[in-house]
Amino acid sequence: MNVFKTNRLMKNLKKSSLAILLPGLLFFGLMGCQQEDVPHEWQLVRTIALDSINPIGLAESNGKIWLSDGDHNRVVLYDLTSGPVRVVDGLDRPMHIAAVSESLFVPQYGNDKVEEIGATGRKEMILPDSLDAPAGVDVLGNQQAIADFYNNRILFFDGNEWIVFGKEGKAAGEFYYPTDVQLTETEIYVADAYNHRIQVFDKAGKPLRMFGKEDKMNATTGIFVGPEAVFATDFENDRVLVYSPGGERLQILEEGIEKPTDMIQLQDKLYIANYRKAELLEYGWLPVKTTPEKQ
Amino acid sequence: MKNIQLKQWGKAIFLALVIFGAQAATAQKAMDQFKIQVDGLGCPFCAYGLEKKFKEFKGIKQVAIDIETGNFTFEYPAEKALTLEAVVKQVEKAGYTPVTTMITRADGQVEESGGELASGNSGSMDNGETVASQATLKVAGNCEMCQARIEKAAKSIAGVTAASWDKKTKILTLDWTGKENPLDQVSQQIAAVGHDTEKHKAAQETYEGLPACCYYERIQD
């Protein structure tokens, strides 16, 4: 961004002397550095009333957000400035969804199917085994992962074959009702809901680390892995917890949050699904507010 | 001649269709309608789970949960004569607390249960004098389903007129009337339904039988 601005400035000031330009550049450069140094945090910016859409899962598609509305058995494509632009009905309790280009992947808790909804139609995902209440799905390139709620396991397709890992329990690698899953380039993140923690696996299904338990979460119902942080919903405690990918807690978000189920980060904005209140909260990545006490 | 035969055939087919239609209509109507008001719905994963598990019963139709209102409805074949008690038991087994249950039988008869919450209450002492008191008890639990279960257990004890459990503080506040302070009985009853109190611990198997979202952190000895 700074380079772009600098180039434009250079074109506009072709005839100007370097004597004027250089000190100016130095000044803006220093200002830029100072901006970077200001500590930032997530802060509530606005509340978006969804008008009877009770969102459970969120997924981004060309700047718009897909909302799964489990209570009303539908998914809704929502434009953040104008409202709903598309509704797909006839689903059976859609949960944590994933969007890739024009396709939306929808796990249906009620009928044990995962459907792909494309621009031209709908088709059922072919799976290696039957599910019992699929609660979350994620797709990354040709890889796919599904959180199989009542079977306490994760199904992962690595592009060639499916692997299945996990069973009911509290130990590392075991689950107590997983509700959401997200793939990164090298890892698989799981919202291990009623063990009240996040678990991280490699792509062979080997447990690598887990965190969140020490923060006394009460149902980790949703997870989002952003570029720099991992977000987890703490459903019963009305919070969203922010961690580093290694598991260090960075921030606790509480303002406006009530029965959160999922979140998604779009650049410097974080959208949180307030399931019960039928709302989306928009949090911004903003300079830390200074209070008189802090000063 | 041919026309007369065709007309007779037509009449016969029409009659057969009418009879078949009437039988089909009767068969369609032979479903009992169930409406249960469930307390403590909140977590969609558990609520949809209850719906899903009921869908597995053979012959059940139109299973639906309205999370907003707490209404859980379904239809079941009348010939199976599913009882109120069996439905209440099944809902409780799934971890929910039925407040009222209503069956509209296929023949139009209506059966209702409810008001169980106040069944144990007695508002006065033997001599007719009424004394109202309040007491508190620490009870472990997690969610709104826990709250409904804890409050129902408390209110089932004679003398308790009101019970309110705070999810955040874990404190149960009781209003009661009568000679005896029912706190100990209330505590035992709550432990019996799966929740540790400061006085009594729930049996391990009862605790493990709670739904996932009610899996609270146990009170240590």
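Residues numbered from 1 in each chain as written. Chains lettered and ligands numbered in written order. Predicted model: local features only at pLDDT ≥ 70, side-chain atom pairs only at ≥ 80, totals over all residues.

Within an unreviewed UniProt entry, the label attached to chain B reads Copper chaperone CopZ, and the organism entered is Robiginitalea myxolifaciens.

Looking at an unreviewed UniProt entry, one finds chain A named NHL repeat-containing protein, with Robiginitalea myxolifaciens as its source organism.

Caption draft 1: A look at the overall build of chain A. Within chain A, the secondary structure is distributed over two helices and 24 strands. Counting only residues that meet the buried cut, chain A has 41% of its 295 residues in that class. Considering only intrachain contacts with a sequence separation of at least 6, the fraction spanning at least 24 residues in chain A is 41%. (Helix = DSSP H or I, 4+ residues; strand = E, 2+ residues; numbered from the N terminus. Buried ≥ 20, exposed ≤ 12 C-beta atoms within 10 Å, placed from the backbone. Contact = placed C-beta atoms within 7 Å.)

Caption draft 2: Fine view of the environment of Leu155 of chain A. Residue and element names in this part refer to chain A. Along the polypeptide, Leu155 turns up in strand β12 (residues 153–157). Among the residues examined, Leu155 registers 23 C-beta atoms within 10 Å and is labelled buried. Measuring from C-alpha to C-alpha, the distance between Leu155 and Gly166 comes to 9.1 Å, with eleven residues separating the pair along the chain. In this view, Leu155 contacts Leu127, Ala145, Ile146, Asp148, Trp162 and Val164; residues no more than four positions away in its chain are not counted.

Caption draft 3: Representation of the pairing of strand β23 (residues 269–274) of chain A. Residue and element names in this part refer to chain A. Within β23, five of the six residues are buried, leaving the element largely enclosed by the surrounding structure. Pairing of strand β22 (residues 260–266) with β23, which is carried by six bridges, proceeds in the antiparallel orientation. From the neighbouring strand, Met263 faces β23, where its bridge partner is Ile272. Sheet topology places β23 next to strand β24 (residues 279–287); six bridges connect them, and they run antiparallel. Bridge pairing in β24 links Tyr271 to Glu282. In textbook terms, the turn of a hairpin is the stretch between consecutive antiparallel strands, and for β23 and β24 this stretch comprises four residues, one of which, Ala278, has a positive phi near 55°. (Pairing = 2+ DSSP bridges.)

Caption draft 4: Spatial organisation of the nonpolar core. Counting 123 residues, the largest nonpolar core has Ile97, Met263 and Ile272 of chain A together with Ala154 of chain B as its most contacted members. Other than its neighbours up to four places away in sequence, Ile97 of chain A contacts Gly57, Ala59, Trp66, Ser68, Val75, Leu104, Phe105, Val106 and Val137 of chain A. (Core = buried A, V, L, I, M, F, W, Y, C linked by C-beta atoms within 7 Å.)

Caption draft 5: Representation of the domain arrangement of chain B within the structure. Residues and elements named next belong to chain B. Each assigned domain of chain B is listed with its residue range as follows: domain 1 (30–114) and domain 2 (118–214). Inter-centroid distance (C-alpha atoms) of domain 1 to domain 2 is 25 Å. Across the contact, eight residues belong to domain 1 and twelve residues belong to domain 2. Partitioned by chemical class, the residues of the side of domain 1 that touches domain 2 number three nonpolar, four polar and one charged. (Domains from an automatic or database assignment. Nonpolar A, V, L, I, M, F, W, Y, C, P; charged D, E, K, R; others polar.)

Caption draft 6: How the structure looks around the pairing of strand β4 (residues 97–104) of chain B. Residues and elements named next belong to chain B. Looking at chain direction, strand β1 (residues 31–39) and β4 are connected through seven bridges and run antiparallel. Opposite Val38, over in β4, you have Pro98 as the bridge partner. As judged from the four bridges shared by β4 and strand β5 (residues 110–113), these two strands associate in the antiparallel manner. Note on β5: the bridge partner recorded for Ile103 is Glu111. Counting the residues that bridge the hairpin from β4 to β5 gives five residues, and of these Gly108 lies at a positive phi of roughly 100°.

Caption draft 7: The arrangement of unusual backbone geometry in detail. Of note in this structure, Lys216 of chain A is not a glycine but carries a positive phi near 50°. Take Lys216 of chain A: there are 10 C-beta atoms within 10 Å of it, and that puts it in the exposed class.

Caption draft 8: Spatial organisation of the sheet that holds strand β7 (residues 103–108) of chain A. Residue and element names in this part refer to chain A. Across the sheet, four strands lie side by side as β6-β7-β8-β9; this open sheet has antiparallel pairing. In the strand order of this sheet, the two ends are held by β6 (98–100) and β9 (122–124), each with one partner. Adjacent strand axes in the sheet meet at a mean angle of 25° when their direction is disregarded. (Axes fitted to C-alpha atoms, helices over the stretch in contact; angles between N-to-C directions.)

Caption draft 9: Looking closely at the interface of chain B and chain A. Opposite the 13 residues of chain B that make contact, chain A presents 19 residues. By residue class, the composition of the side of chain B that touches chain A is nine nonpolar, two polar and two charged.

Caption draft 10: Representation of the UniProt feature "repeat: NHL" (unreviewed entry) in chain A. Those residues carrying the UniProt feature "repeat: NHL" (unreviewed entry) are residues 164–204 of chain A in this numbering. What you have in residues 164–204 of chain A is 0% helix and 49% strand, and the ends, taken at the C-alpha atoms, are 9 Å apart. (UniProt positions renumbered as here; feature names shortened; annotations may be inferred.)

Caption draft 11: View of the UniProt feature "domain: HMA" (unreviewed entry) in chain B. Under the present numbering, the feature "domain: HMA" (unreviewed entry) in UniProt falls on residues 32–99 and 132–198 of chain B. Across residues 132–198 of chain B, helical content stands at 33% and strand content at 30%; the span's end C-alpha atoms are separated by 23 Å.

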